[in-house]
Amino acid sequence: MLGDDVEKRHDPPGVNSRSLSVAHTAADLEVLREIENVYFSPPSEFDAARYVLSHAPSPPTCEAVELMFTKLKRQQQVVSGKALHLISQQRDNCDREFTEIQNIRQQLAKTLDICRKAREHLSIASNNLTISTFVILANVKKRQIIKSILKSLELLQSLRSVEKDVAELLNKKEYYSAIELILKSRKAAAKHKEYTCIADLSIRLNDTLDMTEEKLDSVLANICYNFDEDVFKKLKKAYDLLGKTQAAMEQLHMHYSSAVNESAIDAMKPYTNSNDMKFQDICGQINPNKAPNCLLNLCEKLFLVMRSYYLLVDWHNKYYDEEIKSNNVFDIERNVSKEYIRQKLKAGLIRIWNDVQAKVSTFLKSSGLEDYPFEKFIQMLGILRKLTQVAEIFCGDKSDLLQDFIKTQSVSYIKNYHKGRMDELKLFLENEGWEQCPVKSTFNLLNLQEFKQFKKYLNPKMDQSLNKTSTQSETNDTTSSIHSQDDSLYIARYFKYKTTHTPFEIFRNENITNDDIFGIETELVPSDDSEDEPDELKRDYVDDDRVPFDKITNNKDSVIVTNTTLSVLRNCGQYLQIIRYLPQISLEVIMLMNQLFDYYFYAVHLFFTSDLEVASSTLYTSKLTSTLKRISNNINSNQDESKNFVLSPELPQHLDMNSEATLHGLSERIVAVESVIFLAKQFELLQPYLETIVAQHQKMILEHFKDNTLAVATDLRMPIYMCSAAKAVDARSSLIAMSQVKWDVKNVAVEHSPYVDMIVRKIQVFALRLENISTKVSLNRDVLNSIWSMVSKFIVHLLVEGFSNATKCTNGGRGLMQLDYRQLFVKLEKISGLKPIPYQDYVDRYVKAYYLPRKGLEKFIQERIEYSNKHLLALITCACENKRDRQALTAIIEGRELSQ
């Protein structure tokens, strides 16, 4: 053992730490290190004595030899001690090995005894058995071999028919049985690899399995277009058997992405002749007239894919819920796999919707919305709104990306469309004949076809419902207030039930209404067929040659509108349709509606006040002035820019505004002003509904427009009617006649002056001509009162002007003045029917001011700013006899003039 240990060493023994022990001293270790390695060589290869002699000291002195001997002896002692130590360490191992050898010897003895006995028994059997017995044994062995061969042949026969059987099973949609047959056949073939033909069949079985998986994948792809629960169950069972459930789900998602793209391209093909082009390129070649139908077809195709996926997710949710919880390892793994698939499907909802959004957005970008007719544009908005409703049911997504895109494109389209409507309005206004359209006294915007769908919201009887809607809009997002639960139920029907219909096919109906588009809506008020537009726009007043003036004045509810008025209302109805589809841009569209009113309002004022010949300071209210200024600034500031406002309308040349017989176009003026007032009332009728569809902070804009624009429509009556009223009496002749009156008489006259009769005759002629106008235009009491008020206003100012021209005036003259204007007002009351005559205080205060003392006159001058300086100077001249007082009061008047 020492020799073996020495042979395995490559270094001196002392270097190995295992050779060290506590008993060795440092000197022994040093001696071991000094021993040359050659001494550890096998005896057959190394002669130690010869080696020592060959290395004897030279010269060989006794001392040197003795020293060498001592060294070798010391090394021998150390090595012997080391060997003895190692032997003592391995003693126990040696004993165990010897014991094991003894056991083996005993087992060999037993084995030898068994073999001897077996030979003895074989010898006995050989002597006792006959030849026939061996023949029987040989036959039994052959039968077993033949059975094995027959079994192998049957296996070969069954394996050869696997392809045919699998094909039949696939045709019967028995996918699980087909996969099971292939797997069993492969397993059987693997057990008989010794046959060459079996090896070939194994290859064919692998090919058959691959082809079967391709068939399964093809069926899986068809699921994307029409989900069939029974077919999918069979597919899933087959993939479970293959152990590829998750891989199949990944592949299915790829198929759905491909289905979205293929469905989009298929939807485009009927509308273009291009083939083998990208979807974006195909969209660019769609004719704008065909675009709505193309979009409808696109949405229907994409919906089929979305519905298929929705049913797939719904089936998986039910399948997962039916799972039985278990602590079994395999059940846990299966449940984990199902949960992974469930999460994958849930994420796929958003992914597929994003793909659909991308296709629709690409189509809209390339289709050129700006070229669409309004009806087509509205139809497209309806389709897109329905698509966003579908998305909300499909995956709960609010379609923010698509909504933002629709908003951007729609705002651009609406602005272009509005520019066209403004140009059209300018053309209509410049060519309007300002004749009254024959409508019933109950006519309003609800009788127009464009507002038919809004009756339930705009009917005055529905104020309570509107208030309820308004309350809801404050607590909910106003941009989605039109979404109703009925819409969700309406769309969900197409997802839940197996049907070939889609929610978009409603747009293929030519008789579709907006209520149909917006889903199931309960009729809030019963419809009144008698209020339909065709009947409403028929003539419904007595067309006599002459209508008694007193009967005309009782027509309180007469409606005066023009064709242009109806055109503006129809445009507003179209804009309301846009708002209903796109509530998120409701404020922008409402502002465009307001621009239509502003332009109509401004044009009427411009056309019919261009010949105003009297001072306008008292004819315009502050709100009317600011409104006209605002509209004028908007028009002028946008004339050089491509914005919504068009150029200021040109004054019409076809209107006769100078004929006395027509009271200088008074009938046209009445129709124009009253149509503006009627239009303002219709806008006010819209206000409650508009407030329900805008955000809370936007309501202030509507209220401001109502209070500062709509409310001042009636203020147009004063300046426009004054244009005709100021020509009712010849001011120049009247002033000349008044100047011929002697105002410095000493006694009070008992008869009025001649100019009063002249003015009265002019007023009578005006009344007769006004009565003639009433046969053409329905005049109610408000209109007549406004006209006669302007006549009265002009007369009182005319009287003050005439009285101020008097250079000398006595108390008798002042009494004559009072007699004149009182007599005049009595006549005017009888002719006009106004009681009392408005504005008579203007002349009454002026005449009575002649009687005021010095201080009272000074106060009158300071407070009564409605009188001109000329009037006041004339008053001072006649009323103040004291020169100093006249100078002081004149200074006050001049100071007031400077301050103004």
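Residues numbered from 1 in each chain as written. Predicted model: local features only at pLDDT ≥ 70, side-chain atom pairs only at ≥ 80, totals over all residues. Heavy atoms only, no water.

**Student:** How do you make sense of the overall build of the protein when you look at a structure like this?
**Tutor:** Per the secondary structure count, the protein includes 36 helices and 0 strands. Within the span of the protein, comprising 900 residues, buried residues form 44% of the whole. Across the protein, the fraction of contacts at a sequence separation of at least 24, relative to all contacts at a separation of at least 6, is 81%. Accessible surface for the protein amounts to roughly 49,300 Å². Of this, 51% is attributable to carbon and sulfur atoms. (Helix = DSSP H or I, 4+ residues; strand = E, 2+ residues; numbered from the N terminus. Buried < 20%, exposed > 50% of the residue type's maximum accessible area, 1.4 Å probe, protein only. Contact = heavy atoms within 4.5 Å. Areas by Shrake-Rupley, 256 points an atom, 1.4 Å probe, with all protein chains shown as cover.)

**Student:** Sorry if this is basic, but what is going on with the packing of aromatic side chains here?
**Tutor:** Aromatic ring pairs: the centre-centre distance and the angle between the two ring planes describe each pair. The tally for this structure, following the rule as stated, stands at 28 aromatic pairs. Ring geometry for Tyr821 and Phe825: centres 5.8 Å apart, planes at 55°, overall tilted. On the criterion of helical spacing, the pair formed by Tyr821 and Phe825 is a turn pair, its members being 4 residues apart in helix 32 (residues 811-832). Looking at Phe825, the relative accessible area reads 3%, which means it is buried. Ring centres of Tyr842 and Tyr867 lie 4.5 Å apart, and the angle between their planes is 20°; on these two criteria the pair is classed as stacked. Residue Tyr842 is located in helix 33 (residues 840-848), and its partner Tyr867 is located in the loop between helix 34 (854-863) and helix 35 (869-879); the two are separated by 25 residues in the primary sequence. Taking the relative accessible area as the measure of exposure, Tyr842 reaches 8% and is therefore buried. An aromatic cluster is built from Phe374, Phe377, Tyr413, Tyr417 and Tyr575, whose rings are joined through pairwise contacts. Over the ring of Tyr839 we find Lys793, and its NZ or CZ is 4.5 Å from the ring centre. (Phe/Tyr/Trp six-rings, centres within 6.5 Å; stacked < 30°, edge-to-face > 60°. Lys NZ or Arg CZ within 6 Å of the ring centre and 35° of its normal.)

**Student:** Looking at this model, I keep getting lost on unusual backbone geometry. Mind explaining?
**Tutor:** A negative phi angle characterises most non-glycine residues, just as the trans form characterises most peptide bonds. Residues Ser58 and Pro59 are joined by a peptide bond in cis, for which omega reads -5°. For the bond running from Lys835 to Pro836, omega is -10°, close enough to zero to count as cis. Within the element layout of this structure, Pro836 appears in the loop between helix 32 and helix 33. Positive phi values are uncommon outside glycine, yet Trp434 reaches one of about 55°. Along the chain, Trp434 turns up in the loop between helix 16 (400-431) and helix 17 (455-458).

**Student:** Honestly, the side chain of Ser361 in this entry has me stumped. Any pointers?
**Tutor:** Tracing the sequence through the fold places Ser361 in helix 14 (residues 329-367). Residues contacting Ser361, with those up to four places away along its chain left out, are Leu402 and Phe405.

**Student:** Can you walk me through helix 33 in this structure?
**Tutor:** Within an α-helix, residues lying three or four positions from one another point in the same direction, as the helix has 3.6 residues per turn. Residues Tyr842, Val843, Asp844, Tyr846 and Val847 constitute the buried set of helix 33. Where helix 33 is buried, its residues touch helix 31 (781-804), helix 32 and helix 35.

**Student:** Explanation requested: the packing of helix 23 (residues 563-581) against helix 24 (residues 586-608) in the structure shown.
**Tutor:** Two quantities define a packed helix pair, namely the angle between the helix axes and the distance between the axes. In the contact formed by helix 23 and helix 24, the axes pass within 9 Å of each other and the chain directions differ by 175°. Here helix 23 is positioned roughly antiparallel relative to helix 24, judged by the angle of their axes. Within the contact between the two elements, helix 23 uses Thr564, Thr565, Val568, Asn571, Cys572, Tyr575, Leu576, Ile578 and Ile579 and helix 24 uses Ser586, Val589, Ile590, Leu592, Met593, Leu596 and Tyr600. The class makeup of the residues in the contact of helix 23 with helix 24 is 12 nonpolar, 4 polar and no charged. (Axes fitted to C-alpha atoms, helices over the stretch in contact; angles between N-to-C directions. Parallel < 35°, antiparallel > 145°, perpendicular 65-115°, else oblique. Nonpolar A, V, L, I, M, F, W, Y, C, P; charged D, E, K, R; others polar.)

**Student:** Would you take a moment to explain the packing of helix 15 (residues 374-395) against helix 16 for this structure?
**Tutor:** Contact geometry for helix 15 and helix 16: axes closest at 12 Å, N-to-C directions at 165°. The pairing of helix 15 with helix 16 is recorded here as roughly antiparallel in orientation. Between helix 15 and helix 16 lies a crossing whose hand is left-handed. Between helix 15, through Phe374, Phe377, Leu381, Leu384, Leu387 and Thr388, and helix 16, the contact on the second element is made entirely by Leu402, Gln403, Ile406, Ser410, Tyr413, Ile414 and Tyr417. For the contact of helix 15 with helix 16, the class distribution of residues is 10 nonpolar, 3 polar and no charged. (Left-handed = near helix turned anticlockwise from the far one by under 90°.)

**Student:** Hey, could you run me through helix 26 (residues 666-693) in this one?
**Tutor:** Taking 1.5 Å of rise per residue, the 28 residues of helix 26 would be expected to cover 40 Å, and the 41 Å separating its terminal C-alpha atoms lies within 8% of that figure. In the structure, helix 26 departs most strongly from a straight axis at Gln687, where the bend amounts to approximately 40° and where the proline Pro688 lies between one and four residues downstream. The buried fraction of helix 26 is high, at 23 of 28 residues. (Expected span 1.5 Å × (residues − 1). Bend = angle between axes of the 7 residues up to and from the residue.)

**Student:** Even after reading the chapter, I still don't get the pattern of salt bridges, so can you show me in this structure?
**Tutor:** Pairing between side chains becomes possible if they bear opposite charge and their charged atoms approach one another. Scanning the model with the defined rule gives 26 salt bridges in all. Measuring nitrogen to oxygen at the nearest pair gives 3.9 Å for the salt bridge that ties Glu30 to Arg33. Linking Glu30 with Arg33, this pair stays in helix 2 (residues 26-34), spanning 3 residues, or about one helical turn. Given a relative accessible area of 42%, Glu30 falls into the partly exposed group. The class for Arg33 is partly exposed, based on a relative accessible area of 43%. Here Glu430 ties to Lys426 by a salt bridge, and the two come within 2.8 Å at their closest N and O atoms. Taken together, the residues Glu430 and Lys426, both in helix 16 and 4 residues apart, mark about one turn of the helix. Neither residue differs from the other here; Glu430 and Lys426 are each classed as buried. Salt bridges here are not isolated pairs; linked through shared partners, they connect Asp113, Arg116 and Lys117. (Salt bridge = Lys/Arg side-chain N within 4 Å of Asp/Glu carboxyl O.)

**Student:** Could you clarify how one ought to interpret the confidence of the model for the protein in this entry?
**Tutor:** Close reading of the predicted structure is inappropriate where its pLDDT is low. Of the residues in the protein, 81% reach a pLDDT of 70 or more, and the chain-wide mean stands at 80. A low-confidence stretch, residues 1-23 (pLDDT under 50), is modelled with 23 contacts involving residues beyond four sequence positions or located in other chains. Segment residues 462-485 is flagged for pLDDT under 50; beyond a separation of four residues in sequence, or across chains, it makes 30 contacts in the model. (pLDDT = per-residue confidence, 0-100.)

**Student:** Can you walk me through the nonpolar core in this structure?
**Tutor:** Burial of nonpolar side chains together is a common tendency in soluble globular proteins. Phe363, Ile578 and Phe803 are the most contacted members of the largest nonpolar core, which has 224 residues in total. Counting residues per element, this core draws most heavily on helix 13 (residues 291-321), at 16 residues. Setting aside its immediate chain neighbours within four residues, Phe803 contacts Met738, Trp743, Tyr755, Met817, Tyr821, Val843, Tyr846, Val847 and Tyr850. Core analysis: the second largest hydrophobic core is formed by 5 residues, Val31, Leu32, Ile35 and Phe40 among them. (Core = buried A, V, L, I, M, F, W, Y, C linked by side-chain atoms within 4.5 Å.)

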